[in-house]
Amino acid sequence: MKRIIVIAALLTIVALTIFAQDEDSTSDSNSFRRTKSKVGGAGGFIPAWGLFKFDEINKVLKSSGLPVLENRPMYLAGGEGYGYIMFLKNVRMGGRGMSGTISSTMIDPTTNPNTKKSVDYRISYGGFLVDYVMPIGDRLDVSVGLTLGGGSVDITMTRDDNSFKVWNNLWTEFGTNTATKNTTQHLNGSFFALQPSANIEYAILRWFQIRVGVTYPYMTNASWKLEDDKDLLGVPAKLKPDGPVITGGIMFGFFN
């Protein structure tokens, strides 16, 4: 699967390169306004809302008596920076990254005292980006591109009996191998990530631009760890982001 994704990514980059070269030889058209070659660069803040499905992780959480994650848009935030390369018209390269967390909490009434259980599900991804930009007006552009890099899923589970925490009791509980009432476990999955994207971008000022777009992060070749250092086997294959991401953007730089 990783080999197929890499081949697809390379083909996309080659296609963008050919498109950019063809653009140099295309004459102006009344139906499609073209500007001079894009130059400069920019960086900025990217808010996003992931329309992910949590069905697979919720099956595990529910069967384990833990709170399930709400099926609602997940807020992510990150940044992007890029610069136009001069030897290919309207092609830019740079980097992009973003992350977000969705949490759920419940009070277990079957325990005495009532135990608080919580789950934090965090998604992070980013990498090297290549975009081709199509100017359709003096200030309006459409970009399509691809980001290659890595991603991760972090799951943190916490159980707390809501009692007062006493220093000596904590050491006694751990040293005598009794059942731990208060505990935290952290699982981490690392992935190879590929993200095709498309954006509509508008330069309000020569140095200020806003955008809206969509991307779809594909993650594969998972490697799961418990507490960051112990291999974790038998993790369901679908325990990763699955769904489109609606993105915004506030960019600062030079926009010609």
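Calculation rules
- Per chain, the residues get numbers from 1 upward, laid out in the order the sequence is written.
- The model is predicted, so local features are restricted to residues of pLDDT at least 70 and side-chain atom pairs to those at 80 or more, both for listing and for counting; the totals for chains, interfaces and linings are taken over all residues.
- Only hydrogens and water are set aside; all other atoms, that is, all heavy atoms of the structure, feed into the side-chain values.
- The helix and strand labels rest on DSSP assignments: H or I over at least four residues marks a helix, E over at least two residues marks a strand, and numbering proceeds from the N terminus.
- Two rings from Phe, Tyr or Trp (for Trp, the six-membered ring) form a pair when their centres sit within 6.5 Å of each other. Planes less than 30 degrees apart are called stacked, planes more than 60 degrees apart edge-to-face, and all others tilted.
- With a 1.4 Å probe rolled over the protein chains alone, any residue whose accessible area is under 20% of its type maximum counts as buried; one over 50% counts as exposed, and the rest are partly exposed.
- Here, over-ring charges are defined by two tests on the NZ atom of lysine or the CZ atom of arginine: distance to the ring centre within 6 Å, and angle to the ring normal within 35 degrees.
- One speaks of a salt bridge when a side-chain nitrogen belonging to Lys or Arg is within 4 Å of a carboxyl oxygen belonging to Asp or Glu.
- Pairing between strands is defined by DSSP: at least two bridges between the two strands are required.
- Arc definition: directions from the helix axis to the C-beta atoms.
- Should any heavy atoms of two residues lie within 4.5 Å, those residues are considered in contact.

Engineer: Which parts of the structure should I look at to understand unusual backbone geometry?
Structural biologist: For N90, which is not glycine, the phi torsion reads 65 degrees and is therefore positive. Considering the arrangement of structural elements, one finds N90 in the loop between β2 (74-84) and β3 (91-108). Of note, D228 is a non-glycine position whose phi angle comes to about 70 degrees, a positive value. As for its position among the elements, D228 is in the loop between β8 (218-226) and β9 (230-231).

Engineer: What exactly am I supposed to notice about the packing of aromatic side chains here?
Structural biologist: Within the structure shown, the criterion is met by eight aromatic pairs. For the ring pair W207 and F252, a centre distance of 6.4 Å and an interplane angle of 15 degrees mean the geometry is stacked. One end of the pair, W207, is in the loop between β6 (183-205) and β7 (208-215); the other, F252, is in strand β10 (residues 245-253), with 45 residues separating them in the sequence. We classify F252 as partly exposed; its relative accessible area is 44%. Relative to Y218, the ring of Y216 lies with its centre 5.0 Å away and its plane at 25 degrees, an arrangement referred to as stacked. When its relative accessible area of 27% is taken as the criterion, Y216 is described as partly exposed. A relative accessible area of 43% places Y218 in the partly exposed class. Grouping aromatic residues by their ring pairs yields a cluster made of W207, F208 and F252. In this structure, R92 packs its charged tip against the face of Y82, placed 4.1 Å from the ring centre.

Engineer: Just checking my understanding: could you explain the pattern of salt bridges for this structure?
Structural biologist: Close approach of charged atoms allows side chains with opposite charge to pair. Overall, the coordinates contain eleven salt bridges when judged by the stated rule. For R92, the salt bridge is made with D131, and the minimal N-O distance between the two is 3.2 Å. Taken together, the residues R92 in strand β3 and D131 in strand β4 (residues 115-135) connect sequence positions 39 residues apart. Note on accessibility: R92 and D131 belong to one class, buried. Between R96 and D131 there is a salt bridge, and its shortest N-O distance comes to 4.0 Å. Taken together, the residues R96 in strand β3 and D131 in strand β4 connect sequence positions 35 residues apart. Residue D131 is classed as buried on the basis of its relative accessible area of 1%. Each of E80, R92, R96, D131, E201 and R211 takes part in salt bridges that share partners, so that together they form one network.

Engineer: Looking at this model, I keep getting lost on the pairing of β6. Mind explaining?
Structural biologist: The side chains of a regular strand alternate between both faces of the sheet. In this sheet, β6 lies alongside strand β5 (residues 140-160) in antiparallel orientation, the contact comprising 20 bridges. In the sheet register, S152 faces β6, and the bridge partner there is S190. With seven bridges joining them, β6 and β8 adopt antiparallel strand pairing. Note on β8: the bridge partner recorded for A193 is M219. Relative to β7, β6 runs antiparallel, the two being bridged by eight bridges. Opposite L205, over in β7, you have F208 as the bridge partner. Between β6 and β7, which pair antiparallel one after the other, the connecting turn spans two residues.

Engineer: Even after reading the chapter, I still don't get helix α2 (residues 55-63), so can you show me in this structure?
Structural biologist: Because the α-helix completes a turn every 3.6 residues, residues three or four places apart line up on one side. Among the residues making up α2, those that are buried are I57, N58 and L61. One side of α2 carries all its buried residues, which in axial view fall inside an arc of 100 degrees. In α2, the exposed residues that point more than 90 degrees away from the buried face are K59 and S63. Residues of α2 that are buried make contact with β4 and β5. Looking one or two places after α2, you find G65, whose phi comes out positive at around 75 degrees.

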